Amino acid sequence: MYIPPHFAETREAELHRIIRAYPLGILITGGPDGLDANHIPFELDPSSGAHGTLRGHVARANPVWQQASSGSEVLVVFRGADGYVSPNWYPSKHESHRQVPTWNYEVVHAHGTLTIHDDEKYVRGVVARLTRTHECREPQPWKMKDAAPGYIDSMLQMIVGIEVQITRIVGKVKLSQNRELRDRSNAAEELRKRAHVALADAMERALE
């Protein structure tokens, strides 16, 4: 990934924050038919491995778990907040008329080693943790025990666990850092007016 120095995000805690906030990753693997991409919600365990470990699951019918064997090198891409930025939002544009449109975004590339877990205990644990994480916002969180045990058992048989131990993590946050402070601040304000709250928050954090 091309990363100009002013857009580089090297703080691992911040990269982990983006992954947690936007957990739907794109798992990119190489197989007999070339590159493949699968969209998978991951959980991040920051305490496992040098840079953390990603865990998730795929449908048993998905050939990725057989075509990309354990030990293969993979890439998982997480896209954070993003959105269009108009040059009209930059106060300096109205003085110099030397600004153009752009697209601001946050992205994390997690390189790592894949492990396949065709194991009921493993997938049960992954599903339980993902459920707790995403149901906690609900007034009455759904729990696995709310479904009939036999039904849960049959559903778990239809998925296979995957794990990616992160060996290298790279981040890029393109948030108008190459513009004047007044331009960056006003662009964030204009995004907030248009309900692009996450991107506005990210731009304001970059001002700190």
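Attention here is on the structure that accompanies the text. On a predicted model such as this, the values are computed, not experimentally measured, just so you know. (Residues numbered from 1 in each chain as written. Predicted model: local features only at pLDDT ≥ 70, side-chain atom pairs only at ≥ 80, totals over all residues. Heavy atoms only, no water.)

### A word on the overall build of the protein chain
Here's step 1: The helix and strand tally for the protein chain stands at 7 helices and 8 strands.
Here's step 2: Along the three orthogonal principal directions, the C-alpha set of the protein chain runs to about 65 × 45 × 30 Å.
Here's step 3: Among the 208 residues that make up the protein chain, the fraction classed as buried is 44%.
Here's step 4: Taking the contacts inside the protein chain whose residues are at least 6 apart along the sequence as the reference set, 74% of them involve residues at least 24 apart.
Here's step 5: Surface summary for the protein chain: the accessible area is close to 11300 Å², and the carbon and sulfur share equals 54%. (Helix = DSSP H or I, 4+ residues; strand = E, 2+ residues; numbered from the N terminus. Buried < 20%, exposed > 50% of the residue type's maximum accessible area, 1.4 Å probe, protein only. Contact = heavy atoms within 4.5 Å. Areas by Shrake-Rupley, 256 points an atom, 1.4 Å probe, with all protein chains shown as cover.)

### Regarding helix α4 (residues 120–135)
Here's step 1: If you check α4, its first and last C-alpha atoms are 22 Å apart, about what 16 residues at 1.5 Å a residue would give, namely 22 Å.
Here's step 2: Listed in full, the buried residues belonging to α4 are Y122, V123, G125, V126, V127, A128, L130 and T131.
Here's step 3: Between a side-chain oxygen at the N-terminus of α4 and the backbone nitrogen of K121 the separation is 3.3 Å; the capping residue is D119. (Expected span 1.5 Å × (residues − 1). Polar contact = N/O pair within 3.5 Å; in protein donor to acceptor, adjacent residues only side chain to side chain.)

### Examining the pairing of strand β3 (residues 34–41)
Here's step 1: With 8 bridges connecting them, strand β2 (residues 24–31) and β3 associate as antiparallel partners. Along β3, the bridge assignment pairs L24 with P41.
Here's step 2: Between β2 and β3, which pair antiparallel one after the other, the connecting turn spans 2 residues. (Pairing = 2+ DSSP bridges.)

### Re the nonpolar core
Here's step 1: The biggest cluster of nonpolar side chains holds 37 residues, and the ones touching the most others in it are L27, F42, L54, V76 and I162.
Here's step 2: Looking at this core element by element, the count peaks at 6 residues for strand β8 (residues 159–174).
Here's step 3: Sequence-distant contacts of V76, that is, excluding residues within four places in its chain, are made with G25, I26, L27, F42, L54, V108, H109, A110 and V164.
Here's step 4: With 11 residues, the next largest nonpolar core counts V126, V127, A128 and I159 among its residues. (Core = buried A, V, L, I, M, F, W, Y, C linked by side-chain atoms within 4.5 Å.)

### Brief notes about unusual backbone geometry
Peptide bonds are mostly trans, and most non-glycine residues show a negative phi.
Here's step 1: Phi at S176 is positive, roughly 65°, even though this residue is not glycine.
Here's step 2: Relative to the elements of secondary structure, S176 occurs in the loop between β8 and α6 (181–193).
Here's step 3: Classification of S176 as buried rests on a relative accessible area of 2%.
Here's step 4: Positive phi, close to 70°, is recorded for A195, a residue that is not glycine.
Here's step 5: Summarising the element assignment, A195 is placed in the loop between α6 and α7 (197–207).

### Section: the environment of D183
Here's step 1: You can see D183 is positioned in helix α6.
Here's step 2: Judged by relative accessible area, which is 0%, D183 ranks as buried.

### Structural notes on the pattern of salt bridges
Here's step 1: The full count for this structure, using the stated rule, is 17 salt bridges.
Here's step 2: The partner of R11 in a salt bridge is E9, with the nearest N and O atoms 2.8 Å apart.
Here's step 3: Residue class for E9 comes out buried when judged on its relative accessible area of 9%.
Here's step 4: For E180, the salt bridge goes to R182, with nearest N and O atoms at 2.7 Å.
Here's step 5: With relative accessibility at 35%, the residue R182 sits in the partly exposed group. (Salt bridge = Lys/Arg side-chain N within 4 Å of Asp/Glu carboxyl O.)

### Brief notes about the packing of aromatic side chains
Here's step 1: Counted by the stated rule, this structure contains 2 aromatic pairs.
Here's step 2: Ring centres of F42 and F78 lie 6.0 Å apart, and the angle between their planes is 70°; this geometry places the pair in the edge-to-face category. Taken together, the positions of F42 in the loop between β3 and β4 (43–45) and F78 in strand β6 (residues 73–85) put the pair 36 residues apart, joining distant regions of the chain.
Here's step 3: Accessibility expressed as a relative area gives 3% for F42, which makes it buried. (Phe/Tyr/Trp six-rings, centres within 6.5 Å; stacked < 30°, edge-to-face > 60°.)

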